[in-house]
Amino acid sequence: MPAISNAVVARDSVSHIVPRNWASQEAGVIVVFCIVFVVGVGLIGLWISKAISKRRARKAALPA
C-alpha cells in the first residue's frame with residue numbers, strides 16, 4: 001500500500017486545475033475589501049495633505 005493514495009493525489013491535482021471563482025460567491029468580502037481600501041487611501045491622503053500644509057506653513061514662517 002503506498003504512503004499516499006492515488007485518490008488523494010488525483011483530488012489535489014484537480015483542485016489546482018479547476019478554476020475557482022470565490023469572488024462571485026462571496027460578494028460581501030469584496031465589498032468590505034473595497035471599503036477598507038477606500039478608507040485607507042482617504043486616510044493616507046489626509047495625512048499627506050496635513051504634512052504638506054505644515055511644510056508650507058513652516059516655509060512661509062521663515063524670514064527671507
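Asker: Would you take a moment to explain the overall build of the chain for this structure?
Answerer: Scanning the chain for helices and strands turns up 3 helices and 0 strands. When its helices and strands are written in sequence order, the chain yields α-α-α. Looking at the chain as a whole, 0% of its 64 residues are labelled buried.

Asker: I would appreciate a short explanation of a positive patch on the surface in the present structure.
Answerer: Together, Lys50, Lys54, Arg55, Arg58 and Lys59 give the surface a local cluster of positive charge. Inspection of the secondary structure assignment puts lysine 54 in helix α3 (residues 27–61). Since its relative accessible area comes to 59%, lysine 54 is described here as exposed.

Asker: Quick question: what am I supposed to make of the confidence of the model for the chain here?
Answerer: Reading predicted coordinates in detail is not appropriate for stretches of low pLDDT. The pLDDT averaged across the chain works out to 83; a share of 70% of its residues lies at or above 70. Element-level mean pLDDT values for the chain span from 64 in helix α1 (residues 6–17) up to 96 in α3.

Asker: Would you mind showing me how to read a nonpolar patch on the surface here?
Answerer: A grouping of Val31, Ile35, Val39, Leu43 and Leu46 is seen on the molecular surface, where their side chains present a nonpolar patch of about 470 Å² in accessible area. Relative to the assigned elements, leucine 46 resides in helix α3.

Parameters and conventions
Residues numbered from 1 in each chain as written. Predicted model: local features only at pLDDT ≥ 70, side-chain atom pairs only at ≥ 80, totals over all residues. Heavy atoms only, no water. Helix = DSSP H or I, 4+ residues; strand = E, 2+ residues; numbered from the N terminus. Buried < 20%, exposed > 50% of the residue type's maximum accessible area, 1.4 Å probe, protein only. Patch = residues over 30% accessible without salt bridge, like charges linked within 9 Å, V, L, I, M, F, W, Y side chains within 5 Å. Areas by Shrake-Rupley, 256 points an atom, 1.4 Å probe, with all protein chains shown as cover. Salt bridge = Lys/Arg side-chain N within 4 Å of Asp/Glu carboxyl O. Lys, Arg positive; Asp, Glu negative; His and termini not counted. Charge placed at Lys NZ, Arg CZ, Asp CG, Glu CD. pLDDT = per-residue confidence, 0-100.

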